[in-house]
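Structure at a glance
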Amino acid sequence: MSDLSHLLDGEPIVATAGTDMLAGSIEQQGADVVRSDWRPPEAGTEAALAALAADGRNKEANDTAVARLLAVRPQLVDVSVARDVFPDMTPTTFFHAGPPLTWDRASGPMRGAIIGAMIYEGLADGPEDAEAKAARGEIELSPCHHHGAVGPMAGVTSPSMPVAVVADGAGEGVAYSTLNEGLGKVLRYGAFAQEAIDRLHWMDAVLGPVLSAVLESRGPIDLQSLIAQALQMGDDGHNRNRAVTSLFLRELGGALVDGADAPVDQRADVFRFIDGNDHFMLNLVMAAGKLGSDAASGVPASSLVTVMARNGTDFGIRLSGTGDEWFVAPAPPVDGLYLGSFTEEDASPDIGDSTITETVGLGGFAMAAAPAIVGFVGGTAAGAVRRTLAMYEITLAEHPMYQIPMLEFRGTPVGIDAARVVRTGVLPQINTGVAGRVPGTGMVGAGLVEAPMECFAQAVRALAEELS
Amino acid sequence: MIARVEIHPGRYHDSVRLMQASKALQNVEGIIDALVAMATELNLSLLADMGFDMDAVADAGPNDLVLALRAEDEGAIATAHQVLDDALTHKAAPSGGLDAPDPKTAGSAAAVADANVVLLSVPGEHAFVEATEALESGRHVMIFSDNVPIEQEIILKAYGGDHDLLVMGPDCGTTIINGIGLGFANAVEPGSVSMVGASGTGIQQMCALLDDAGVGVRHALGTGSRDLSEDVGAASTLQALEALEEDPGTDLIVVISKPPADPVAEKVRRAAELCSKPVVVTFMGETTLEEGAGEVLAVLGRPPAEYGTWPAANDVHRPGFVRGLFSGGTLSSEAQFVAAPILGEIGSHERDEGNTFVDYGDDEYTQGRAHPMIDQTVRLERLAAAARDESVGVILMDVVLGYGANADPAAELAPLVEQAVTAGAAVVVSLCGTRGDPQGRDAQAAALNKAGASVFLSNAAAAREAARLATTRTSS
Amino acid sequence: MTARAVRARPSSAPVRLPAVASLALRHLFVSEAVTASVLGASSHAVWLHAGGDVLVVATRDATRLPNGVEIAATSEDGLLELVHHGASVVVGPDSLELGGLVVNLVRWWDPRPALPLTTSGDLSVAIGGLPYSVPGIDAGPLHSALAVTSPEELVDASVTLLGRGPGLTPEGDDVLAGALAAIRTLGTALGSRPALAMLDEAAGALAEAAISRTTTFSSALVRCAMRGEVAAPAGGLLRALAGRGNVGANHRDLLRVGHTSGPALAAGIVLGAQSLIEAETTPNGGVQ
C-alpha cells in the first residue's frame, strides 16, 4: 500500500527539529512526538551539505562503502619481513603513522622512533649521527597508510622489521602491521636506548620466524571472530586488549607447543613474550581494521571516513569518495589521566594509526563493551556508555558481529559519515594512550580525545567540490 | 519433510543467544527440529545425534555458525530463516533503559519512534538537508520554516512525488491529519470534509467557519505558500488532492489558496473537475473563505450558516479611517478584498493617513520576536497608538486561536480595547477559532466583547462591519 | 502536562494529562459529572462502569478499543497502577478523575473504520485462505444465520456463543463481535441491504442477550461491534479487506492482540465477510 494512504489512515507519529513550541502543541493534543536536539551545522559547510543532499549518489555510495567495510574477513596468514612485502620500501625508506610528515615538523616521540630505527638498521652509529642524517633528508619518510599498513604510536616501520600479514578471507585485500613490542621503553614511544634496539633484533630473529612457523603449522587465524568474542569479554579493541590477546595465545597454543618448526626454547620465549604483553594483539586488530578501511575506499560520492590517523603533529582523515587526499588539522590535546608524577606538560600531541580501530567500530565506539576502560582513560562507567551511544548519531551502520552485551547486544556504531559529523557537531570519540614529549620517555598517561572538526569540514567541502 | 543443514562461516554469537535462537526456531510452525550453534565438536556431535547429514559440515570449524532444520515444507524453512535473522540481529533499538543522548537530527529522532512525519522549523537555509534525510528514510515532511530557496522546494517535491511522500511546505503553517494539528491549528470535530491549502491561516479560518456550522474536518493538508507558483506547479496540491480522493473517510475536498497564475489555476480546476468527489475551490482574492464555506454547506445539503457574532454594546464612535492590525497576511488580504469596494483605497503599509490593513507577521515586524499569533507586543503597541490617533475611527484586528497560538490573547487585548473604545474608536475583532480550542473560543469572544469590541467568527463579516462602521458613522 | 513532566512533579499534586477518546463515549462527557466504579485495573488499562456504560481508560501502548479513553502516557509511566478495584471515579464533563489522576479530553476519534466501497468479488479474493473459525468454538449456527440474513436465527446463534470461553472477553464473544462488525461495516461497503436490515432488526435482542449472558466488559464490546465500532487493529483488517491496506499485514497485527481475542476477532470478521458474499448469491438472501 502506498505511503500517503497509510499516513491518512491513521494518526501521525511526529518527529520535530526546531522550535519546541511545535512539539509542545502536539503533546497538548494528547498525541506523541519525539524531539531532536538540533543545532546548525559547522559554519562554512552549509553549501557543501546541501550539495551532498541534493546529489542522489551520496546515500547509495555510503551504503556500498560501509557494506564493503563490513564484508572483509581478516585472517592472520603469515609473519614476514618488511623489505619482502613492501614493493616501495628501500634500505632508506621508513614508514610512519599518520598523514605525510617531514622530519622538521616531527614531534619528539616520532623523531626518537626514527632515530631508533636508523640505529637498528645500522644506518647510523648513534643518536647524534642518526639525527644529523635524518635532518639532512637521508631517510625517506612515507605514511604506513600509503602501503596498506598501519602502526601504533610512532608506527615506524623499517626494512628489517617483522610484519604481520593479514589477508581477506572473503576477497583479495591484504594489510600489514609491525608486531607490538610491549610497554615501557619501546621504539613506538620514541625510545632508542640499547634495550629497545636489542628487543627489535630479537623480534626479527625469533618472534617473527617462530610466528611464521606456527601459522605454517596450524593455518590462518580468524581475527574477526577473536575480536567479536573479546568485545563480550571486556575489551574495546584499542586500549584494552587483554582478552583478545589471551584468545590469540590460545589459538597459537597447540602449534606453539608442538608442531611449529622452530627450536623449543624460542617457542617458549615467544609464548612468554606474548603472555607478558596485554597489548600484543593491538597491531593485528589494527591491521584487521586497515583491511576493512582499504576495502571501503574509492567509492565515488561516498562520505564514509576510511582513515583517521595521527603522526604526532597532525591529525588526518581520508574519505572513501575523495581518493588519496588527506584532510589535516593540528592534533588536539588529550583529556586524560596521567601516570605517576607526569602532567599535561609532559605530553606529546596525539600520535598513531590506532584510530583505525574507531573507524571500524572499535575503541571509543565500543566503550560501552568495556566500561572498565575508565580506569585507564578516566571518566565514569555511565559516561563510557554514553560516549558509545552518542556515536550512533554519526555512523552509517551497526556492526553485525561486534556486539555490546549491555546494550542488548546491539552492534557497535560503525562507518563514520563525515557529513553527519559536520551536520550534528558530534565528533568521533577516541580512547588513546599518551606518549611523553621527550623521546624515550614512554607512556605518560591515557585519555579521551575527539577528532578535530576541521578535518571533517575540509573533507566535506572537498567531496561536494568533487561532485559538482 | 525436508532436512537442511547450512554453514554460515565467520558469524560469531555467544552461546546464550544461540540457545534462545534455537528455541525460537523450534517454536516455528512447521519446524520439526532445529539447531543453531557454533560448529564446535560438541555441537557437531549433537547434530549427528539428531540424525542430520554430516557431509555439509565436514569443513566447519568452531568459528562457523551451523543451522540445521527439519521442516514440513519450504514455507516453514523460509519462516525459520526470518525468525533466525530477527533473533540474531538487532535493529536500531532503544538502549535498554540507559540514558541515551538526545537525537541530533530530525531523522534520528524519527528513527527512535519510527515516525511517519518529520516536522521542521529549523532556519530556512538548513531545512533542505533535514528534509532530504526524512524523505530518504521514507517519511513525509512538513516544513514550517520559510526562507527556503525555491530550487530546493522543487527538488524535494520531485523526490516526494516519485516516492509517494508528501512535502508540506516550505512556509507551511498548518496541517491537520485525522484531527491532530501540526503547526498552528485549531481543534476540530471529526468529520468527512478534508482540505488542501497553500495558506495556513486560510485553512484555520475555513476550519473555524465549518466548525461553527457544525461540520467536522478530517484532514487539512498544507502545501506551503509557493506550491501554486508557476515554478512549483501545484505539485503537492495535486498529490494531496489525489490522496484525498482515495481516502474513504473524505467525502468532500476544499482547496484554499490565494489566486495562482493562470496555467496553475487551470491545472487545479481541471483536477477538481475530474475528481470523483466534490471539490470546492476557494481562491481568496476571487472569493472569500466565507463564500467557500457556504459552498461546502450547500454541497453537503446543509442550510446556510450564520456565523457567531458578539455585537458591540454601542455603535457610537468617532469619524476616521480604518486601521487594520493583522497577525497574518491571509486574513488581512481577505479583509482588504471585502472592504475595498466599500471603503475605497486601502494601503498595506503603515502610514499617517488613510485606511491601512497591515500584516504584522511580515518580516519587518518580527525581527527577534515570535510570530504575532504568539507574541502580541507589536500589535498591542499599535492598538494603543491607534486609540490615541484621532484620525482613526475604526480599529480592525484578527485574533487567531488554536494550538500553538497565544494561550490567552483576550487577556492582553481587553484592557487596550477598552481604552480605545473609551477614547471613541470602534473596535472590530475577527476571532478565528473553534469550539474546542484550548483558549476557549466563546470565553475569548465574551472577554473582548465585554471590553467593547464587536466580535465576528467570520473574517469577511468582520471586514464588512469595519467598512460599514467607517462609512456610516454616527458621531457623538 | 506530559508524562515526562509528571514523573518530576511533587507527589501530592494531582497528575493532569491530556487524553483522547472514542466518539462512542461522547455522551458521557457533555453534561454533568457521573460517578463510575472500577471493574478492574492493570498497568495498561482501567475498566469502568458508568451508569449503563462500560469504558476503558488505557495507556498509549495498549490496544485502542471502541469504548476507550487513551491517556498521554505509556504503561511504563505507571500512572494507572495507582487506581485500585473499587475506587471511586468521576466522569465528565470534559474530563475524568481517577483518584489522583485527572485526565482532560482534548480530542475524539471515530471508532468506526472508514471503508471504501467494494464488491463481493473483490472481497472474496481478499479473504481467500484466511481462517474463519477457532478451535473449540462452534460458529456453524452463526454462519448459517448470517448467510440467510435471518434476525431470529442470528439471535439464537449468538446465545450459543456468548460467554463461551474464559477471560475478560470470552472467545465466543470475540467471534460474534468480529462477525457483527464485519456485517455492519463490510455490509455497508458492499451495499448489502438485507444483511444490514437483519442486523438492525436483531439489534435489541442481541444487546439484551449480550448483557445477560456474558461479562459486563465483553457485552459492551459486542454492542459496539453491532454499530461497527471496533478496536483499532480490527478496523485495520476491515479496511484492508475492503481494498485499502495490506490484508496479510493487518491480519497479522490483529492476531497479536490479547491471548485469544485477536485470532477470535479475526476469524469472526472473516466469517462475517464470507457470509455477506454467500448472502448475496443465495436466493434466500434477497436482492442482489
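Residues numbered from 1 in each chain as written. Chains lettered and ligands numbered in written order. Predicted model: local features only at pLDDT ≥ 70, side-chain atom pairs only at ≥ 80, totals over all residues.

1. Structural notes on the environment of D37 of chain A
In plain terms, the rule: Numbering of helices and strands starts at the N terminus; helices are DSSP runs of H or I of at least 4 residues and strands are runs of E of at least 2. Note on burial: count the other C-beta atoms lying within 10 Å of the residue's C-beta; 20 or more is buried, 12 or fewer is exposed, in between is partly exposed, and C-beta positions come from the backbone. Note that contacts rest on C-beta atoms placed from the backbone: two residues are in contact if these are within 7 Å.
Structurally, the position occupied by D37 of chain A is in the loop between strand 2 (33-35) and helix 3 (46-54). C-beta crowding within 10 Å serves as the criterion here: with 14 such atoms nearby, D37 of chain A is assigned to the partly exposed category. Through-space distance from the C-alpha of D37 of chain A to that of D20 of chain A is 9.9 Å; in sequence the pair is 17 residues apart. Among all residues touching D37 of chain A, those that are not within four sequence positions of it are D102, P103 and K104 of chain B.

2. Regarding the packing of helix 3 of chain A against helix 17 (residues 453-467) of chain A
Residue and element names in this part refer to chain A. The condition that has to hold: Note on geometry: axes are lines fitted to C-alpha atoms, helical ones only across the stretch in contact, with angles between N-to-C directions running from 0 to 180 degrees. The labels follow the angle: roughly parallel below 35 degrees, roughly antiparallel above 145, roughly perpendicular from 65 to 115, and oblique for the rest. Each crossing gets its handedness from the near helix: less than a right angle anticlockwise from the far helix is left-handed, clockwise is right-handed.
Across the interface, helix 3 lies against helix 17 with an axial gap of 9 Å and an inter-helix angle of 50°. The pairing of helix 3 with helix 17 is recorded here as oblique in orientation. The hand of the helix 3/helix 17 crossing is left-handed. Of the residues in helix 17, those touching helix 3 at A48, L49, A51 and L52 are V460, R461, L463, A464 and L467.

3. Side note on the interface of chain A and chain B
What counts is decided by this rule: Each residue receives one of three labels: charged for Asp, Glu, Lys and Arg, nonpolar for Ala, Val, Leu, Ile, Met, Phe, Trp, Tyr, Cys and Pro, and polar for the others, Gly being one of them. Strand pairing follows a simple DSSP-based rule, namely that at least 2 bridges must link the two strands.
Listed per partner, the contact involves 60 residues of chain A and 63 residues of chain B. Here the residues of the side of chain A that touches chain B are counted per class, giving 29 nonpolar, 16 polar and 15 charged. Here 4 bridges tie strand 1 (residues 14-17) of chain A to strand 4 (residues 117-120) of chain B, and the two strands are oriented parallel to one another. Residue T16 of chain A lies in a different strand from strand 4 of chain B, and its bridge partner there is L119 of chain B.

4. Some words on the domain arrangement of chain A
Residue and element names in this part refer to chain A. Here is the rule we go by: Just so you know, the domain bounds were taken from an automatic or database domain assignment.
The domains assigned to chain A are domain 1 (3-38), domain 2 (74-285) and domain 3 (297-467). Here the C-alpha centre of domain 3 lies 22 Å away from the C-alpha centre of domain 2. Of the residues lining the interface, 44 residues belong to domain 2; the matching set on domain 3 comes to 44 residues. Listed by contribution, the elements that provide at least two residues to the side of domain 2 that touches domain 3 are helix 6 (108-120), helix 9 (223-231) and helix 12 (282-296). Among the elements that make up the side of domain 2 that touches domain 3, the one with the highest residue count is helix 6 (5 residues). Of the residues in the side of domain 2 that touches domain 3, the class split is 22 nonpolar, 16 polar and 6 charged.

5. Concerning the domain arrangement of chain C
Residues and elements named next belong to chain C. One can read the domain layout of chain C as domain 1 (3-109) and domain 2 (120-285). When each unit is reduced to the centre of its C-alpha atoms, the spacing between domain 1 and domain 2 is 28 Å. Counting residues at the interface gives 10 residues for domain 1 and 11 residues for domain 2.

6. With respect to the sheet that holds strand 9 (residues 221-222) of chain A
All names here are of chain A. Spatially, the 5 strands line up as an open sheet ordered 6-8-7-3-9, and their pairing is mixed. Of all strands in the sheet, those bounded by a partner on one side alone are strand 6 (149-150) and strand 9. Strands strand 3 (74-81) and strand 7 (162-168) of the sheet are contacted by helix 8 (residues 194-218), whose axis makes an angle of about 140° with strand 3.

7. A closer look at the pairing of strand 7 (residues 174-177) of chain B
Regular strands have side chains that alternate between both faces of the sheet. Residues and elements named next belong to chain B. In strand 7, alternate side chains face the same way, and those of T174 and I176 on one face and T175 and I177 on the other are all buried. Inspection of the sheet shows strand 7 paired to strand 8 (residues 180-183) by 4 bridges, in the antiparallel sense. By the bridge assignment for strand 8, I177 is matched with I180. With antiparallel pairing between neighbouring strands as the criterion, strand 7 and strand 8 make up a hairpin whose turn holds 2 residues, including N178 at a positive phi of roughly 50°.

8. Let's talk about the sheet that holds strand 13 (residues 335-338) of chain A
Residues and elements named next belong to chain A. Strands sit in the order 13-18-17 across an open sheet of 3 strands; the sheet is antiparallel. Where the open sheet ends on each side, the last strands, each with one partner, are strand 13 and strand 17 (429-435). Neighbouring strand axes in the sheet, compared pairwise and without regard to direction, differ in orientation by 20° on average. As defined by bridge partners, strand 17 adjoins strand 18 (residues 443-450) across 7 bridges and the pair is classed as antiparallel. Each residue of the ladder has a partner; that of N431, found in strand 18, is L448.

9. Observations regarding the interface of chain C and chain A
Between chain C and chain A, the contact holds 12 residues from the first and 8 residues from the second. At the level of secondary structure, the elements contributing two or more residues to the side of chain C that touches chain A comprise strand 1 (15-22) and strand 8 (101-109) of chain C. Among the elements that make up the side of chain C that touches chain A, the one with the highest residue count is strand 1 of chain C (3 residues).

10. Some details on the pairing of strand 7 of chain A
Residue and element names in this part refer to chain A. When you tally the buried positions in strand 7, you get 7 out of 7 residues, the bulk of the element. In terms of strand pairing, strand 3 meets strand 7 through 7 bridges, oriented antiparallel. If you follow L76 over to strand 7, its bridge partner there is V166. With 5 bridges joining them, strand 7 and strand 8 (residues 174-178) adopt antiparallel strand pairing. Considered in strand 8, the bridge of V165 is made with Y176. The turn linking strand 7 back onto strand 8 is made up of 5 residues.

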